[in-house]
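Okay, here's what each chain looks like letter by letter:
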Amino acid sequence: MQSVVVLFVMSLIVFSMINLVGDPVDMLVNPESLPDEIERVRRDFGLDQPVYIQYWKFLTGALSGDLGNSFVFGRPALTLMAERFPATLELAVSALIIAVMIGLPLGVYAGLRPDGLGARFIMGLSVLGISIPTFWLGLMMIILFSVILGWLPVSGRGETAVFLGIESSMFTLDGLKHLAMPATNLALFKIAMVMRLARAGTTEVMAQDFIRFARAKGLSSRRIVRAHLMPNILIPIVTVLGIEFGTLIAFATVTESIFAWPGLGKLVIDAIVNLDRPIVVAYLLFVVALFLVLNLVVDIIYAVLDPRVRLQGDEG
Amino acid sequence: MIGLSAIRARPTSYIAGLLVALIAIAAVFAPLIAPTNPYDLATVSILDGRLPPGGQMLDGTVSWLGTDGAGRDVLSAILYGLRTSLIVAISSAAIALTIGLAVGLSAAFYGGRLDTILMRVVDIQLSFPAILVALVMLALLGKGIDKVIIALAIVQWALYARTVRAAAMVERRKEYFEAVTCLELSNIRIIWRHLLPNSVSPLIVLATLQTAHSISIEATLSFLGVGVPITEPSLGSLIANGFDFILSGAYWITFFPGAMLLATVAAINIFGDQLREIINPRLAK
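A. The arrangement of the overall build of chain A in detail. Helices and strands together make up the secondary structure of chain A, namely 13 helices and 2 strands. When burial is assessed residue by residue, chain A has 44% of its 316 residues classed as buried. Contacts in chain A between residues at least 24 apart in sequence constitute 72% of all its contacts with a sequence separation of at least 6. About 16300 Å² of surface is accessible on chain A, with carbon and sulfur atoms providing 66% of the total.

What follows is the structure, given as structure tokens:
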């Protein structure tokens with residue numbers, strides 16, 4: 001219920017404020033057009049109406065699944081977004097996989113030997129990882145891997161192939177080459193985060209009695225890490241990554257702009273610059289909805305993973 | 001509060017602090033330090049365009065970090081850009097801090113329904129990533145330095161509000177607070193003279209780290225072309241400007257502003273981390 005209220009309030013705020021910025025008609029018509037030509041365009045888009053009437057039209061449309069047509073493309077905003085979304089999803093998922101594959105082992109290692117030189121080095125890297133501007137690193141990656149070494153393509157998504165009914169560039173070599181840099185770039189922030197979480201979790205769990213007991217039983221360190229440490233530190237990491245998935249989609253706007261990745265983020269940045277209001281409004285509502293759903297899912301996962309949360313809910 | 005001896009005992013904090021101070025001085029005195037004025041159209045010549053680092057410009061000045069496509073000296077542009085970046089970050093932090101203090105203190109002091117509503121708004125806002133909120137605000141507000149400052153202030157206030165509320169809630173339960181309440185002082189006076197001074201210390205660290213964060217966000221926004229206008233470029237706009245040249249090998253136009261950005265953000269972050277450990281030694285490990 002609260003979610004519906006938030007969505008409604010957001011649509012109201014966004015819609016009324018976006019109408020205060022610039023005049024999209026200026027961006028759409030040829031600067032040499034005659035005044036009556038400009039008036040005609042304005043009428044065609046319904047921009048001559050007062051804001052509250054425009055909003056009413058939008059709201060009634062939105063409830064039947066129509067978020068209006070893009071001014072620039074002349075096609076439904078929702079269709080445009082649906083076309084672009086798979087590319088963004090693919091980027092975010094790959095970034096997530098990379099973040100876990102690199103961040104987890106490094107974090108656990110740093111947590112097992114907190115005072116070692118390696119651990120200090122890793123934690124230093126993570127401070128750097130948090131401080132470094134991701135977009136600038138993306139540019140440096142282009143300079144290194146594309147301009148100097150010539151290994152990876154600079155932009156675009158590359159070939160895609162259909163596998164198990166999913167069309168993705170993960171399944172072709174060309175696609176993977178295109179994916180490598182943007183995905184790593186997007187993953188960077190999350191690598192540092194997974195590393196910190198894994199390290200904190202490891203130091204906490206390793207001090208517990210059951211680990212001491214497992215040691216006393218004579219289990220090898222490898223087995224302790226795999227069977228006793230991992231399941232315990234994975235719960236918080238998985239939940240945090242669930243929440244952070246939305247952040248990845250949001251940050252993808254930056255990465256997509258650098259690597260000209262044809263995803264949702266690129267669409268919305270272009271729309272903001274071109275004052276393509278329907279797209280901006282539709283994107284915002286989509287993102288708000290996405291976050292509300294993600295928060296709900298994470299709450300449910302918490303309840304499933306941790307019985308204490310469930311009990312609390314029953315009492316209150 | 002923070003003894004000099006405590007700072008001396010931590011060489012890292014000393015170095016980071018020094019670096020932060022140096023960067024601030026460089027930004028403040030940019031017009032005096034910079035070899036050229038990159039925005040004085042009378043002296044900038046397109047013929048100097050894309051000189052590599054160390055190249056000599058037409059008027060004889062050596063351009064240590066090269067020049068950009070329009071013939072502006074990259075080093076000078078960085079110093080001026082740093083200025084814009086810091087102005088935006090610091091003023092947005094100040095606004096956010098003020099709003100956050102007002103909201104957090106009144107939520108903690110009055111409690112009840114006001115507290116519930118305010119903190120619910122804070123929760124909702126904090127569930128969205130900062131960059132997204134900033135992007136949305138700029139889409140709604142339009143372009144301009146003032147707009148970027150407003151957007152960044154809106155991004156940050158919630159975090160300050162939550163932190164100051166938590167600190168103020170702890171203060172409320174202390175004996176001195178009970179004493180002041182008994183004295184029948186006015187609410188405003190209690191909040192202003194007693195609650196505020198005792199609740200600000202956790203904000204010092206937060207404000208430091210947030211400044212680094214907002215420098216980063218501002219740079220990202222400007223890079224995307226929705227931040228500060230091109231007439232007053234920040235570090236982010238300089239990097240965006242160089243983006244067009246990287247494929248032709250003129251790496252210095254993007255590399256050096258980015259390195260400066262990284263150094264600034266990293267120095268402030270490390271300084272903030274050290275500050276946290278000095279103020280609250282229990283968190284050290």
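B. Quick peek at the overall build of chain B. What chain B contains, in helices and strands, is 12 helices and 2 strands. Reading chain B from its N end, one meets helices and strands in the order α-α-α-β-β-α-α-α-α-α-α-α-α-α. Relative to its full complement of 285 residues, chain B shows a buried share of 49%. Restricting the contact set of chain B to residue pairs at least 6 apart, pairs at least 24 apart contribute 70%. Only carbon and sulfur atoms are counted for the fraction: they give 66% of the accessible area of chain B, which is about 13300 Å².

C. Spotlight on helix H11 (residues 235-243) of chain B. Within H11(B), 7 of the 9 residues are buried, which leaves the element mostly enclosed by the surrounding structure. Within H11(B) the residues assigned to the buried category are B:Leu235, B:Gly236, B:Ser237, B:Leu238, B:Ile239, B:Ala240 and B:Gly242. Where the residues of H11(B) are buried, they touch helix H7 (134-148) of chain A together with helix H4 (74-110), helix H10 (201-224) and helix H12 (252-279) of chain B.

D. Local environment of the pattern of salt bridges. Residues and elements named next belong to chain B. Per the stated rule, a full pass over the model turns up 4 salt bridges over all chains. Taking the shortest distance from any N to any O, the salt bridge between Arg165 and Asp115 comes out at 2.7 Å. With Arg165 in helix H7 (residues 145-172) and Asp115 in helix H5 (residues 112-126), the pair connects residues that are 50 residues apart, well separated along the chain. Residue class for Arg165 comes out partly exposed when judged on its relative accessible area of 21%. In this structure, the salt-bridge partner of Lys174 is Glu171, at a minimum N-O distance of 3.2 Å. Judged by its relative accessible area of 9%, Glu171 is buried.

E. Broad picture of H10(B). Residues and elements named next belong to chain B. A rise of 1.5 Å per residue sets the reference length of H10, with its 24 residues, at 34 Å; its end C-alpha atoms lie 35 Å apart and thus fit the reference within 8%. Extensive coverage of H10 is indicated by the burial of 20 of its 24 residues. In the segment just after H10, Gly225 is the residue with positive phi, at about 90 degrees.

Cut-offs used in this document
- Residues numbered from 1 in each chain as written.
- Chains lettered and ligands numbered in written order.
- Predicted model: local features only at pLDDT ≥ 70, side-chain atom pairs only at ≥ 80, totals over all residues.
- Heavy atoms only, no water.
- Helix = DSSP H or I, 4+ residues; strand = E, 2+ residues; numbered from the N terminus.
- Buried < 20%, exposed > 50% of the residue type's maximum accessible area, 1.4 Å probe, protein only.
- Contact = heavy atoms within 4.5 Å.
- Areas by Shrake-Rupley, 256 points an atom, 1.4 Å probe, with all protein chains shown as cover.
- Salt bridge = Lys/Arg side-chain N within 4 Å of Asp/Glu carboxyl O.
- Expected span 1.5 Å × (residues − 1).

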